[in-house]
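# Tertiary structure, described
The primary structure of each chain is shown beneath.
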Amino acid sequence: MTTRRVTRLVSTRFAKALLLGGTLTALHAGAAWDTYVKGSFGPVVNWPLIPIHVVLLPDGRVLGYGTDGQGNQTGQFTYDVWDPVKGTDAASHLTLPNTTGTDTFCSGQIVLPASGAVLLTGGDKTVNNVRNYSVNDVNLFDYRSSALYSAQQPMAFLRWYPTVLTTAAGEVLVLGGRVDPNTPAPTPEVYTEGKGWRSLTTATNDDAYGINNWSYPRAWQAPNGKVFIATKLGGTYYLDPAGTGKLEKTSLTLSASDEYLTSLMYAPGKILSFRKLNKAVVIDINGTTPKATNVTGVGQDRYHGSATVMADGKVFVSGGSFVSNVANGVAYTAKIWNPANNGWTTAATAAKMRLYHSVSMLLPDGRILTAGGGAPGPVVNLNGEIYTPPYLYKQDITGTLATRPSITSAPATATWGVPITVTANVSGISKVTLVKTGSVTHTVDFDQRFINLSYTASGSTLKVSMPASANVAPPGYYMLFVFNSAGVPSVAKIIKLNS
Ligand SMILES: [Cu+2]
């Protein structure tokens, strides 16, 4: 070998080593160079059951249920309470027996706005060895004692696949679901804490939440005081839940969607709704009549995919497949939608397919839990992957986490139109946001909403405006985030909006 060749070989090796060294630095946190744009999924971590239903509790823990420890369809035996602060190993989970006798598989659930207990409505029943019948059982979960217990009064209707949401009046509205495999439940019911149930007997309807749309109807408390419903066939309605209820159809008709394509309210009165054939619309219900504007779709239909509004108001879309609950056209790569320009960016790629019975939910630390899938399906996902959004990374190619601001004080409760005083550990706060605590199942996050809050700052002390009315932010628990000058959010302080 000539001296020249040896020199060249050595330099090439030296260059390669340098390159490798650089790559290793970037991979230090398990992150690629473009993590600051795409975010990253953490490792696949075990879950004690398939969390078909997940609820963020007022204390920041996560209630999950839907299967047994082997991933079989049944909520009858166990439920799980996960504490994200404790990490993801077995010690972070409290898995307890369900002694209520109710199979909570494919029920509905929401945190009650006054007591903070989780209300679970309906569930599953086996009749003559045939599954997927329904119950009218009502159960409550108390986060203070981690106990699940039966409520006194059942619902008037048996319900499997009902939607549950909080109204401006602080009541809980239950829509849809079915009574048995052939019969929908087209009459809504309302639960008032301390009072019990009443049926909306003058609002019975087959198109809004009956035979045409019984599977987890998409509905939101609207700025006009009524509840807006967008059906999978395309009809839209306003329901006034006062008294025995009044339903009116609106002039807006959308293209067809599906019970397993998602829609979410990402800003006050603004709903991003996925329709079939990779269509998407923004529905604006702030005006006198609802309007829809076509926006660019996510790239393909993502049946059973999720959409979660993040701490900064952008929307994280993950999971799903082109063919419903089949490993065909699986969308492993997540996307982020920016409401400022209706544009999409490509986010990180998950390890697992998340199809039927998978969930996605924003955590108080600003990360997103993605988990589950199966019972039934091509996979039995007794696992989760926690997504770390771009805003938690330094905005450079090192792939390292940014320094976060923290909230040093904030009140535990707040009310509409009355500013609160919040202190942070840094000055230069650039953004303050309020995100409803999640309650997720079957591609729906029932009360999901996001509100940008205006504020004035004096050093690290902020005077933060609260939403003007319960029509914009219904009573209940919210995550309050503050962002530093680099756009990095704090861990949220959970506050309760009440009167
Ligand atoms: Cu289900």
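This structure is a prediction, so every number in the text was calculated from the model and none was measured. (Residues numbered from 1 in each chain as written. Predicted model: local features only at pLDDT ≥ 70, side-chain atom pairs only at ≥ 80, totals over all residues. Heavy atoms only, no water.)

## Considerations on the overall build of the protein
Helices and strands together make up the secondary structure of the protein, namely three helices and 42 strands. Counting only C-alpha atoms and orienting by the principal axes, one finds that the protein spans roughly 95 × 60 × 45 Å. In the protein, 56% of the contacts between residues at least 6 apart in sequence involve partners at least 24 apart. By element, 55% of the accessible surface of the protein is carried by carbon and sulfur atoms, the whole surface being about 19000 Å². (Helix = DSSP H or I, 4+ residues; strand = E, 2+ residues; numbered from the N terminus. Contact = heavy atoms within 4.5 Å. Areas by Shrake-Rupley, 256 points an atom, 1.4 Å probe, with all protein chains shown as cover.)

## Observations regarding the pairing of strand S39 (residues 455-458)
As paired elements, S39 and strand S40 (residues 461-464) share four bridges and run antiparallel to each other. Within the sheet, the bridge partner assigned to Thr-456 lies in S40 and is Lys-463. Once S39 ends, the chain turns through two residues before running back antiparallel as S40, passing Gly-459 with a positive phi of about 65°. (Pairing = 2+ DSSP bridges.)

## Description of the pattern of salt bridges
Under the definition given, this model contains 11 salt bridges. Here Arg-354 makes a salt bridge to Glu-385, at a shortest N to O gap of 2.8 Å. Placement of the pair is Arg-354 in the loop between strand S28 (343-349) and strand S29 (358-362) and Glu-385 in strand S31 (residues 383-388), with a sequence separation of 31 residues. For Glu-385, a relative accessible area of 1% puts it in the buried group. Arg-367 is the partner of Asp-365 in a salt bridge, and the nearest nitrogen-oxygen pair spans 2.9 Å. Connected through shared salt-bridge partners, Asp-103, Asp-124 and Arg-131 make up one network. (Salt bridge = Lys/Arg side-chain N within 4 Å of Asp/Glu carboxyl O. Buried < 20%, exposed > 50% of the residue type's maximum accessible area, 1.4 Å probe, protein only.)

## Things to note about the packing of aromatic side chains
Evaluated as defined, the whole model comprises 17 aromatic pairs. Ring plane angle 50° and centroid distance 6.2 Å describe the contact between Phe-41 and Phe-316, whose orientation is recorded as tilted. Remark: Phe-316 occurs in strand S26 (residues 315-318) and Phe-41 occurs in strand S1 (residues 40-46); sequence separation between them is 275 residues. Accessibility classification places Phe-41 together with Phe-316 in one group, the buried group. An angle of 70° between the planes, with centres 5.9 Å apart, marks the rings of Tyr-161 and Trp-214 as edge-to-face. Residue Tyr-161 is found in strand S12 (residues 160-166), and its partner Trp-214 is found in the loop between helix H3 (206-209) and strand S17 (218-221); the two are separated by 53 residues along the sequence. Each member of the pair Tyr-161 and Trp-214 is classed as buried. Joined through ring pairs, the aromatic side chains of Trp-160, Tyr-161, Trp-214, Tyr-216 and Phe-446 make up one cluster. (Phe/Tyr/Trp six-rings, centres within 6.5 Å; stacked < 30°, edge-to-face > 60°.)

## Quick notes on the coordination of the copper ion
The copper ion binds to the protein through Cys-106 (SG), Tyr-161 (OH), His-357 (NE2) and His-442 (NE2); the donor distances cover 2.0 to 2.1 Å. Classification of the site at the copper ion as tetrahedral follows from its four donor atoms and the range of 92 to 120° in their angles at the metal. (Donors = N, O, S within 2.8 Å, 3.2 Å for Na, K, Ca; no water. Tetrahedral: all angles 85-135°; square planar, octahedral: opposite > 155°, others 65-115°.)

## A few points about unusual backbone geometry
For the peptide bond that leads from Ala-375 to Pro-376, omega is 0°, which places it in the cis range. Residue Asn-129 is not a glycine yet carries a positive backbone phi of 65°. Relative to the assigned elements, Asn-129 resides in the loop between strand S8 (124-127) and strand S9 (130-134). In this structure, Tyr-216 takes a positive phi of about 45° despite not being glycine. Looking at where Tyr-216 falls in the secondary structure, it is placed in the loop between H3 and S17.

## Considering the nonpolar core
Within the largest apolar cluster, 92 residues are counted, with the highest numbers of intra-cluster contacts made by Leu-63, Phe-141, Tyr-266, Leu-272, Phe-274 and Leu-369. Examining the composition of this core, we find that four residues originate from one element, strand S41 (residues 476-483), more than from any other. Taken together, domain 1 (39-392) and domain 2 (407-497) each give at least three residues to this core, which thus spans both. Excluding its chain neighbours within four sequence positions, the residues that come into contact with Phe-141 are Leu-57, Leu-63, Tyr-79, Val-81, Ala-117, Val-118, Leu-120, Ser-146, Ala-147 and Leu-148. Counting 23 residues, the second-largest nonpolar core is a separate cluster that includes Ala-168, Val-422, Ala-424 and Val-464. (Core = buried A, V, L, I, M, F, W, Y, C linked by side-chain atoms within 4.5 Å. Domains from an automatic or database assignment.)

## Re the sheet that holds strand S33 (residues 413-414)
With respect to topology, five strands assemble into an open sheet ordered S33-S42-S41-S35-S38, the strand pairing being mixed. Both outer strands of the open sheet, S33 and strand S38 (450-453), are each paired with one neighbouring strand and no more. For strand S35 (residues 431-436) and S41, the ladder comprises six bridges, and the chain directions are antiparallel. Bridge pairing in S41 links Val-432 to Val-482.

## Points about the domain arrangement of the protein
The domain boundaries assigned to the protein delineate domain 1 (39-392) and domain 2 (407-497). In this structure, domain 1 and domain 2 have C-alpha centres spaced 22 Å apart. Opposite the 66 residues of domain 1 that make contact, domain 2 presents 34 residues. When the two sides are added together, the surface that domain 1 and domain 2 hide from each other amounts to roughly 3600 Å², 61% of it contributed by carbon and sulfur. Applying the counting criterion to the domain 1 and domain 2 interface returns zero salt bridges. On the surface where domain 1 and domain 2 come into contact, there are 19 residue pairs in polar contact (both at pLDDT 80 or more). (Buried area = accessible area lost by both parts, 1.4 Å probe. Polar contact = N/O pair within 3.5 Å; in protein donor to acceptor, adjacent residues only side chain to side chain.)

## Re the environment of Lys-276
Here Lys-276 is to be found in the loop between strand S22 (270-275) and strand S23 (279-284). For the pair Lys-276 and Gly-297, spaced 21 residues apart in sequence, the C-alpha to C-alpha distance is 9.7 Å. Residues contacting Lys-276, with those up to four places away along its chain left out, are Ala-256, Ser-257, Asp-258, Leu-261, Asp-301 and Tyr-303.

## Some words on the sheet that holds strand S30 (residues 368-372)
Strand order in the open sheet formed by four strands is S1-S31-S30-S29, with antiparallel pairing between adjacent strands. Lying at the two open borders of the sheet, with one neighbouring strand each, are S1 and S29. Across the sheet, the mean angle from the axis of one strand to that of its neighbour is 20°, orientation sign disregarded. Relative to S31, S1 is paired through five bridges, and the arrangement is antiparallel. If you follow Val-45 over to S31, its bridge partner there is Gly-384. (Axes fitted to C-alpha atoms, helices over the stretch in contact; angles between N-to-C directions.)

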